[in-house]
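Okay, here's what each chain looks like letter by letter:
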Amino acid sequence: MKNIVINEQYSQADIKPSKMIEQYIAMLSSDVDRLLANCSLENISCPACGSNENKIAFKRFSLSYHECASCASLYISPRPSDEAIASFMKAAPSKVFWREQLSEVSQQSRKAKIIKPRLEWVLDSAAEYVSNASHWVDVNTGQERYLEAMASSAFKSKTLISPYCNTPSTGFEIINGSINQVVLKTPAQMITLFEVLDHTSHPGVVLTAVNKMLDKGGLCFITTILASGFDVKELGEHAKNIYPPDRMNVFSAKGLQTLAAAHGFECLEFSTPGILDVDIVAAAINENPSIKVSAFIKDLILSSPDVRANFQDFLQANMLSSYGRMLLRKV
Amino acid sequence: MAKKLNCIIAGYGYMGEIRKAVIERTGDLNLLGIVDPNPSVKDRVPGYRHFYTLEAALALKPDIVFVCTPNVYAPACCIAALDRGMHVFCEKPPGRNVEDIINIRKSEKPGLKLMFGFNHRWHPGIIKAKVIIDSGRMGRIVNIRGLYGKSGGVKFKQSWRNDKNVSGGGILLDQGIHMLDLFRFFGGDFADVRCFASKEFWKLDVEDNAYVILKGAQGIDAMMHSSATFWKHTFRIDITLETGYLVVEGLLSKSGSYGREQLIVAKRQFEDEAHAVGNPSEEITYFDRDQSWDLEVEEFVRCIKEDKPVEHASSTDALKVMQLITRAYIDAGLLAPNEANHEKHCHQ
């Protein structure tokens with residue numbers, strides 16, 4: 001297994017303009033109220049390790065985040081079904097606002113700082129592990145910038161599986177369906193799940209479907225927010241990047257690896273190349289000084305940019321950042 | 001189930017033990033026995049037949065012979081196996097000098113596979129670096145710099161590796177050969193070689209430091225320091241490309257003494273995008289699993305089963321890297337140009 005450290009420089013504001021994020025969260029709150037008024041909820045055990053031992057960590061929009069006593073993953077229970085979430089993602093005003101306005105404002109930064117590195121990750125890994133790869137399947141991305149990057153890649157077949165993607169097909173097949181109902185015409189050698197496991201009701205079902213769609217030795221790319229990461233651990237209920245239904249599951253590093261192993265995958269890479277942990281904690285404390293953190297953390301966020309950058313590097317090198325990425329191979 | 005290939009190991013020292021473990025892990029191979037003149041080997045390999053001579057083991061008609069002997073014996077072992085129609089996997093170096101590999105190549109025949117143990121090509125940092133270079137997104141290689149060295153080692157002075165009659169050379173031939181092979185792997189052939197070498201610290205029969213500069217045939221120049229006086233064990237290769245650089249540093253090994261293997265990738269800062277150029281952001285990939293021994297043997301088995309040419313660590317690669325070392329020794333004054341026709345062999 002390998003892990004990476006990315007000494008890149010950008011700020012939260014580059015990819016998430018704060019005023020628009022506040023507007024988004026306000027819209028999201030109303031949308032989730034409507035969602036909950038119109039759907040049934042299901043109680044679940046830990047989606048990562050299956051444990052039933054847990055405690056309630058905090059609540060968001062009247063939904064409860066539980067912390068697994070075994071793997072320390074955070075997850076919402078009871079929770080809406082995948083169908084309800086898919087409808088929400090497609091039509092909720094907050095999600096439309098995200099796709100059409102918020103992500104557009106920050107598109108240049110996102111393209112350079114997030115999409116391009118991810119594309120290089122996918123292409124390099126394909127060249128390294130499955131040099132004969134011809135079929136790349138992406139699940140639920142639905143963002144035009146990703147689709148442009150995917151379309152421009154040299155793979156013979158490209159498929160997008162998404163129940164809510166409205167983008168006209170440009171160089172790839174779009175399947176408007178749920179992943180566990182899809183039957184591919186040809187097996188895939190690569191499947192990308194960018195922030196997908198976070199908002200699915202049953203992550204194990206998704207990984208089972210991914211395993212079925214892949215050739216033996218095929219690769220699965222996962223990006224996600226991690227409960228074991230610095231800013232999530234420090235901020236807990238004050239974390240501004242954990243809201244349902246985008247983050248139904250916030251896996252710990254241990255939980256995510258357990259989940260992958262249980263579904264027939266070997267982990268080739270587990271990294272937490274997050275850039276923003278320290279900035280996120282600093283911004284949250286500046287905004288709300290009543291958030292309780294240790295004196296050490298207070299000193300850290302007031303320290304020089306170099307010290308903060310070094311600490312962020314330390315988090316990455318030791319897989320303690322809250323942004324995680326994982327490369328799996330079907331065994 | 002596909003038929004397993006029968007094999008034997010000739011020589012059961014450090015490398016022989018590694019090969020045995022790889023063969024046992026590889027589902028495609030069946031180890032028939034181990035050849036070593038040391039009687040104690042019999043007790044160290046329970047469950048396997050032990051032979052004192054290669055001839056006795058070859059009578060079993062194995063498909064493959066793994067040659068893991070000291071350098072002086074490797075050519076004869078390779079030739080004996082190839083002449084009997086057996087595939088050969090031989091540890092590096094391919095003998096003590098360039099004449100040895102030329103003689104081995106004379107026994108190569110169509111259909112027989114001959115591969116050498118340049119396992120560094122299969123280290124994870126090297127594989128990933130090669131992928132990035134081959135993608136072309138950082139432009140062409142400008143130059144390469146390598147450091148590879150150790151602090152002598154356990155019983156260093158007594159080791160056969162420092163007995164010139166057995167090894168043929170010192171640290172450059174023993175360890176530096178890997179770095180030169182990587183230079184060729186990344187940068188192609190080299191037209192000219194310069195070298196200073198020294199025996200001054202350990203005062204042995206062979207060099208303990210070599211400083212090699214190479215002029216690239218395709219414009220990629222390189223330099224290397226191979227040393228037995230690096231008190232901190234070091235492996236580092238810097239590859240400068242047009243729009244960035246790669247560094248593979250540390251090397252996953254049994255002892256872990258070379259540090260955690262990592263690949264650093266950085267993009268060049270251009271004058272119009274940074275006030276202070278020359279200190280770019282770096283991406284570091286850390287590796288924690290060395291599969292190089294398994295991957296190279298898997299590749300060798302694949303070549304046999306699919307009857308495809310050996311493209312990595314072939315006898316041509318072995319010859320060319322031995323030619324570089326020979327020219328380095330001549331330039332450093334460790335070998336006379338007229339000694340055993342080395343000069344002639346280096347320009348074949």
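That block above? That's the structure.
None of these values were measured; they are calculated from a predicted model. (Residues numbered from 1 in each chain as written. Chains lettered and ligands numbered in written order. Predicted model: local features only at pLDDT ≥ 70, side-chain atom pairs only at ≥ 80, totals over all residues. Heavy atoms only, no water.)

**Student:** Which parts of the structure should I look at to understand the nonpolar core?
**Tutor:** It is characteristic of soluble globular proteins that their nonpolar side chains tend to be buried jointly. In this structure, Phe66, Phe183, Phe186, Phe235, Ile237 and Leu246 of chain B are the most contacted members of the largest nonpolar core, which totals 101 residues. When near neighbours in sequence (up to four residues on either side) are disregarded, isoleucine 237 of chain B contacts Ile126, Ile144, Arg145, Gly146, Met179, Leu182, Phe183, Phe186, Leu246, Val247 and Val248 of chain B. Listed in part, the 48 residues of the second largest apolar core include Leu35, Cys39, Met89 and Met248 of chain A. (Core = buried A, V, L, I, M, F, W, Y, C linked by side-chain atoms within 4.5 Å. Buried < 20%, exposed > 50% of the residue type's maximum accessible area, 1.4 Å probe, protein only. Contact = heavy atoms within 4.5 Å.)

**Student:** What is the right way to read the packing of aromatic side chains from this model?
**Tutor:** The description of two aromatic rings rests on the distance between their centres and on the angle between their planes. With the rule as written, the count across this model stands at 19 aromatic pairs over all chains. Centre to centre, the rings of phenylalanine 230 of chain A and phenylalanine 311 of chain A are 5.3 Å apart; their planes meet at 70°, and the pair counts as edge-to-face. Taken together, the positions of phenylalanine 230 of chain A in helix H8 (residues 230-235) and phenylalanine 311 of chain A in helix H12 (residues 305-317) put the pair 81 residues apart, joining distant regions of the chain. For phenylalanine 230 of chain A, a relative accessible area of 9% puts it in the buried group. Aromatic pair tyrosine 148 of chain B and tyrosine 258 of chain B: ring centres 5.9 Å apart, planes at 70°, arrangement edge-to-face. Note that tyrosine 148 of chain B is positioned in strand S7 (residues 141-149) and tyrosine 258 of chain B in the loop between strand S12 (244-249) and strand S13 (262-267), a separation of 110 residues in sequence. Residue classification places tyrosine 148 of chain B among the buried positions, given a relative accessible area of 4%. Members of the aromatic cluster, each reached through a chain of ring pairs, are Phe230, Phe296, Phe311 and Phe314 of chain A. (Phe/Tyr/Trp six-rings, centres within 6.5 Å; stacked < 30°, edge-to-face > 60°. Helix = DSSP H or I, 4+ residues; strand = E, 2+ residues; numbered from the N terminus.)

**Student:** Is there a simple way to explain the interface of chain A and chain B in this structure?
**Tutor:** Interfaces are frequently sized by the accessible area removed from exposure as the parts join. Across the contact, 16 residues belong to chain A and 17 residues belong to chain B. Each partner contributes to the roughly 1500 Å² buried at the junction of chain A and chain B, and carbon and sulfur atoms together form 40% of this total. Counting across the chain A and chain B interface gives 4 salt bridges. Of the charged contacts, one joins lysine 267 of chain B and glutamate 120 of chain A as a salt bridge, the two residues approaching to 4.0 Å between their closest N and O atoms. Viewed at the interface, chain B and chain A are joined by 2 residue pairs in polar contact (both at pLDDT 80 or more). Within the side of chain A that touches chain B, the residues separate by chemical class into 7 nonpolar, 2 polar and 7 charged. (Buried area = accessible area lost by both parts, 1.4 Å probe. Salt bridge = Lys/Arg side-chain N within 4 Å of Asp/Glu carboxyl O. Polar contact = N/O pair within 3.5 Å; in protein donor to acceptor, adjacent residues only side chain to side chain. Nonpolar A, V, L, I, M, F, W, Y, C, P; charged D, E, K, R; others polar.)

**Student:** Explain the sheet that holds strand S10 (residues 249-250) of chain A here, please?
**Tutor:** Sheet strands pair via backbone hydrogen bonds, and the direction of the pair is either parallel or antiparallel. Residue and element names in this part refer to chain A. An order of S2-S3-S4-S10 is seen for the 4 strands of this open sheet, with the pairing classed as antiparallel. In the strand order of this sheet, the two ends are held by strand S2 (54-60) and S10, each with one partner. Where strand S4 (residues 74-76) lies against S10, 2 bridges are found, and the strand directions are antiparallel. When the bridges of S10 are listed, tyrosine 75 appears paired with asparagine 249. (Pairing = 2+ DSSP bridges.)

**Student:** In this structure, what is going on with the environment of isoleucine 301 of chain A? I would like to understand it.
**Tutor:** Residues and elements named next belong to chain A. Note on placement: isoleucine 301 falls in helix H11 (residues 295-302). Judged by relative accessible area, which is 9%, isoleucine 301 ranks as buried. Sequence separation of isoleucine 301 and aspartate 279 is 22 residues, and the distance between their C-alpha atoms is 7.8 Å. Isoleucine 301 has contacts with Val278, Val281, Ala282, Ile285 and Arg308, leaving out every residue within four places of it along the chain.

**Student:** Help me out: how do you make sense of the pairing of strand S5 (residues 135-139) of chain A in this one?
**Tutor:** If a strand is regular, its side chains alternate between the two faces of the sheet. Residue and element names in this part refer to chain A. Burial of S5 is extensive: 5 of the 5 residues sit out of reach of the surface. The two faces of S5 match: His135, Val137 and Val139 on one face and Trp136 and Asp138 on the other face are all buried. Strand direction decides the pairing type here: S5 and strand S6 (residues 157-161), joined by 5 bridges, are parallel. Bridge pairing in S6 places aspartate 138 opposite leucine 160.

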